[in-house]
Amino acid sequence: MALITPEAEEARSEELVSSMQASLAELRQTIQAFKEEAGAGEELKETEVKRHLTSLQTLVVSLQGAEQKLDKFREARSGIVQNGYALNLDFARAEVRCALGRLRACGGAGAVSE
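All of these numbers come straight from a predicted model, not from anything done at the bench. (Residues numbered from 1 in each chain as written. Predicted model: local features only at pLDDT ≥ 70, side-chain atom pairs only at ≥ 80, totals over all residues. Heavy atoms only, no water.)

S.K.: Just checking my understanding: could you explain the overall build of the protein chain for this structure?
M.R.: Looking only at helices and strands, one finds three helices and zero strands in the protein chain. The linear arrangement of helices and strands in the protein chain, starting from the amino end, is α-α-α. Counting over 114 residues, the protein chain shows a buried share of 15%. Considering only contacts within the protein chain whose residues lie at least 6 apart along the sequence, 71% involve residues at least 24 apart. For the protein chain, the computed accessible surface area is about 9500 Å², with 55% contributed by carbon and sulfur atoms. (Helix = DSSP H or I, 4+ residues; strand = E, 2+ residues; numbered from the N terminus. Buried < 20%, exposed > 50% of the residue type's maximum accessible area, 1.4 Å probe, protein only. Contact = heavy atoms within 4.5 Å. Areas by Shrake-Rupley, 256 points an atom, 1.4 Å probe, with all protein chains shown as cover.)

Here is the structure:
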């Protein structure tokens with residue numbers, strides 16, 4: 001049995017995003033080369049251009065999905081919950097300890113005046 005941790009999933013997502021970004025850069029260069037060839041009057045193969053454009057569209061959609069997944073991992077790691085709010089549990093813990101300390105101090109103060 002393999003243990004899947006959030007850190008491993010996040011690392012895998014980061015690798016996927018990096019790989020997709022590299023592929024996207026390559027496709028952009030290919031499209032730019034097609035534009036230059038077309039501008040120079042060279043004849044382009046329509047099927048090849050369409051294939052690269054379709055690959056580009058598919059890759060962009062996949063990349064956006066992977067980036068969103070990666071953002072969710074990062075938000076979860078940093079404690080950010082829905083709507084961009086974060087819970088600082090260390091600060092809350094310190095506040096509770098201070099409040100309990102004040103209550104303990106007051107509990108041993110003796111009689112309370114009316």
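S.K.: Teacher, can you tell me more about helix α3 (residues 89-107) here?
M.R.: Because each turn of an α-helix spans 3.6 residues, side chains separated by three or four positions in sequence point in the same direction. With 19 residues, α3 ought to run about 27 Å at 1.5 Å a step, and its terminal C-alpha atoms sit 27 Å apart, in line with that. In terms of burial, α3 is largely open, as just zero of its 19 residues are buried. (Expected span 1.5 Å × (residues − 1).)

S.K.: When you look at a nonpolar patch on the surface in this model, what are you seeing that I'm missing?
M.R.: A cluster of nonpolar side chains, V96, L100 and L103, forms an exposed patch at the surface whose accessible area comes to about 290 Å². Examined against the element boundaries, L100 turns out to sit in helix α3. (Patch = residues over 30% accessible without salt bridge, like charges linked within 9 Å, V, L, I, M, F, W, Y side chains within 5 Å. Salt bridge = Lys/Arg side-chain N within 4 Å of Asp/Glu carboxyl O.)

S.K.: Help me understand the nonpolar core, please; the structure alone is not making it clear to me.
M.R.: Inside soluble globular proteins, nonpolar side chains tend to come together where they are buried. Formed by V17, M20, L24, L27, I31, F34, V49, L56, L59, L63, A66 and L70, the largest nonpolar core amounts to twelve residues. Sequence-distant contacts of F34, defined by excluding residues within four places in its chain, comprise L44, E48, V49 and H52. (Core = buried A, V, L, I, M, F, W, Y, C linked by side-chain atoms within 4.5 Å.)

S.K.: I'm lost on the pattern of salt bridges in this one. Help?
M.R.: Between side chains of opposite charge, a pair can form as their charged atoms come close. A complete count under the given rule lists one salt bridge for this structure. Note that K50 and E46 form a salt bridge whose closest N and O atoms lie 3.0 Å from each other. Of the two residues, K50 and E46 are both situated in helix α2 (residues 46-78); the distance of four residues between them amounts to about one turn of the helix. Accessibility classification places K50 together with E46 in one group, the exposed group.

S.K.: Just to check I follow, could you spell out the environment of R74 for this structure?
M.R.: Here R74 is to be found in helix α2. Ignoring anything within four residues of it in the chain, the contact list for R74 reads E10 and E14.

S.K.: Please clarify how the confidence of the model for the protein chain should be interpreted in this entry.
M.R.: Note that predicted coordinates carrying low pLDDT should not be read in detail. Per-residue confidence for the protein chain averages 76 on the pLDDT scale, and 80% of its residues sit at or above 70. Mean pLDDT in the protein chain bottoms out at helix α1 (residues 6-39), which sits at 79, and peaks at α3, which reaches 83. (pLDDT = per-residue confidence, 0-100.)

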